[in-house]
Amino acid sequence: MIDIHCHILPNLDDGSKSMAESIGMAKKAVQEGITTIIATPHHMNGSYENTKQTILDHVQALNDTLLQEMIPLTILPGQEVRVYGELLDDLEKGDILTLNDGGSYVFVEFPSGSVPRFTEKLLYDIQMSGLTPIIVHPERNQTLMENPDILYQLVKKGALTQVTAASLTGHFGKKIRKFTLDCIAANLTHFIASDAHNTHNRTFLMRDAYQAVREEFGQDLVFLFRENAQLLVEGKNVFKDIPNRIKRKKILGLF
Ligand code: FE
């Protein structure tokens, strides 16, 4: 199993606080059946700035340690980039790290409460530069939850999205779980990832999440999500179905 979103690198953001904690997370990941993790430290989210070279160096250091400790897990480089005005300039300058440094996919994160006005143009421009933007955890964004049509439009125009395992298992509450299932049912998401920050309150839950997908939608969709993670790592095109609008129930009698 591949996990494409994880804060396992030590001392870079609000994820792992030490190499010992990273090793603990790595062991936990292996127990869950994870073989490969894309490490995605926060970048430009107001608290953390982790540029490309810093991340590449930390990935190398963690892989060296995992080898010494004989933990069968491979770490690949990535970055969770908050949308900001100069993102495209920094991409063109080579300061932004694409997923697995493959030059195909880039993670974009919105503020948790909003979707900035320039988002649609930014995601379009990213695509014009030859990259595919992947919106991380749209199911945890207040604005998208209230106006799922915004998400529909972004996906229709070529963005991909990734939902969090813990959203599917209900760890972020019933509303977020329901919205996550709605996103999956409407073909508005393409990946499941842990976004793990530690081994206690923000852990992997990947196995439980895939089990939830299996129960709600069947094995085919589990296969699709798992295959997409593999295709992403290889820089290949992922599977996607035509997106649909999420229908909200109208209050009866108001037609
Ligand atoms: Fe994250």
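Residues numbered from 1 in each chain as written. Predicted model: local features only at pLDDT ≥ 70, side-chain atom pairs only at ≥ 80, totals over all residues. Heavy atoms only, no water.

*Asks:* Sorry if this is basic, but what is going on with helix H2 (residues 52-68) here?
*Replies:* It helps to recall that an α-helix has 3.6 residues per turn; residues three or four apart then point in one direction. Between the first and last C-alpha of H2 there are 25 Å, a value that for 17 residues agrees with the 24 Å anticipated at 1.5 Å per step. Within H2, burial applies to Ile55, Val59, Leu62, Thr65 and Leu66. Looking down the long axis of H2, one finds its buried residues gathered within 130° of arc, a one-sided arrangement. Facing away from the buried side of H2 by over 90 degrees, the exposed positions are Leu67 and Gln68. Positioned one or two residues after H2, methionine 70 has a phi angle of 55°, which is positive. (Helix = DSSP H or I, 4+ residues; strand = E, 2+ residues; numbered from the N terminus. Expected span 1.5 Å × (residues − 1). Buried < 20%, exposed > 50% of the residue type's maximum accessible area, 1.4 Å probe, protein only. Arc of directions from axis to C-beta.)

*Asks:* Help me understand the coordination of the iron ion in this model?
*Replies:* For a metal with four tetrahedral donors the ideal donor-metal-donor angle is 109.5 degrees, whereas six octahedral donors ideally subtend 90 or 180 degrees. For the iron ion, the protein coordination sphere consists of His5 (NE2), His7 (NE2), Glu80 (OE) and Asp195 (OD), at 2.1 to 2.2 Å. One way to put it: the 4 donor atoms around the iron ion meet at angles of 81 to 167°, and that makes the site irregular. Read in sequence order, the donor residues coordinating the iron ion give the pattern H-x1-H-x72-E-x114-D. Of the two residues, histidine 7 is situated in the loop between strand E1 (2-6) and helix H1 (19-31) and aspartate 195 in the loop between strand E9 (191-193) and helix H9 (206-217); the sequence distance between them amounts to 188 residues. Here histidine 7 falls in the buried class, since its relative accessible area comes to 1%. (Donors = N, O, S within 2.8 Å, 3.2 Å for Na, K, Ca; no water. Tetrahedral: all angles 85-135°; square planar, octahedral: opposite > 155°, others 65-115°.)

*Asks:* Where do I start with empty space enclosed by the protein in this structure?
*Replies:* One water molecule sets the probe size; rolling that probe over the atoms shows where empty space is left. According to the stated counting rule, one finds 1 cavity of 30 Å³ or more in the structure shown. In this structure, the largest cavity encloses a volume near 80 Å³. What lines the largest cavity is simply Ile184, Asn187, Thr189, His190, Leu221, Leu224, Phe225, Phe239, Lys240 and Asp241. If you tally residues by element for the lining of the largest cavity, the top one is helix H10 (residues 219-233), at 3 residues. Here the residues of the lining of the largest cavity sort into 5 nonpolar, 3 polar and 2 charged. (1 Å grid on protein atoms, 1.4 Å probe; cavity = no way out; pocket = protein on both sides within 12 Å on 5 of 7 lines; lining within 4 Å. Points joined across faces, edges and corners; volume = space filled by probe spheres on them. Nonpolar A, V, L, I, M, F, W, Y, C, P; charged D, E, K, R; others polar.)

*Asks:* For this particular structure, what's the right way to read the packing of aromatic side chains?
*Replies:* Aromatic ring pairs are defined here through the distance separating the ring centres and the angle between the ring planes. Following the criterion strictly, the structure yields 0 aromatic pairs and no others. Taking the ring centre of tyrosine 210 as reference, the NZ or CZ of arginine 226 above it sits at 5.7 Å. (Phe/Tyr/Trp six-rings, centres within 6.5 Å; stacked < 30°, edge-to-face > 60°. Lys NZ or Arg CZ within 6 Å of the ring centre and 35° of its normal.)

*Asks:* What am I meant to see in the environment of glutamine 142 here?
*Replies:* Its location among the elements puts glutamine 142 in helix H5 (residues 142-146). For the pair glutamine 142 and glycine 113, spaced 29 residues apart in sequence, the C-alpha separation works out to 4.9 Å. The contact partners of glutamine 142, leaving out residues within four places of it in the chain, are Ser112 and Gly113. In terms of polar contacts, glutamine 142 uses its side chain to reach the side chain of glutamate 146, at 2.9 Å. (Contact = heavy atoms within 4.5 Å. Polar contact = N/O pair within 3.5 Å; in protein donor to acceptor, adjacent residues only side chain to side chain.)

*Asks:* Any chance you could explain the sheet that holds strand E2 (residues 36-39) here in plain terms?
*Replies:* The strands that make up a sheet are held in pairs by hydrogen bonds between backbone atoms, and each pair lies either parallel or antiparallel. Strand order across the open sheet formed by 3 strands is E1-E2-E4, with parallel pairing between neighbours. Both edges of this open sheet fall to E1 and strand E4 (74-77), since each of them pairs with a single strand only. Across the sheet, the axes of successive neighbouring strands diverge by a mean angle of 25°, strand direction being ignored. The pairing of E1 with E2 spans 3 bridges and is classified as parallel. In the sheet register, cysteine 6 faces E2, and the bridge partner there is alanine 39. Helix-sheet contacts for H10 involve E1, E2 and E4, and the interaxial angle to E1 is about 70°. (Pairing = 2+ DSSP bridges. Axes fitted to C-alpha atoms, helices over the stretch in contact; angles between N-to-C directions.)

*Asks:* How do you make sense of the sheet that holds strand E8 (residues 160-164) when you look at a structure like this?
*Replies:* Ordered by their spatial adjacency, 6 strands build an open sheet running E3-E5-E6-E7-E8-E9, and the pairing between neighbours is parallel. The two strands at the open ends of the sheet, each matched to only one other strand, are strand E3 (42-43) and E9. Those strands touched by helix H4 (residues 119-128) are strand E6 (105-109) and strand E7 (132-136), and its axis lies near 140° from that of E7. On the sheet, H10 packs against E6, E7 and E9 and is oriented at approximately 85° with respect to E9.

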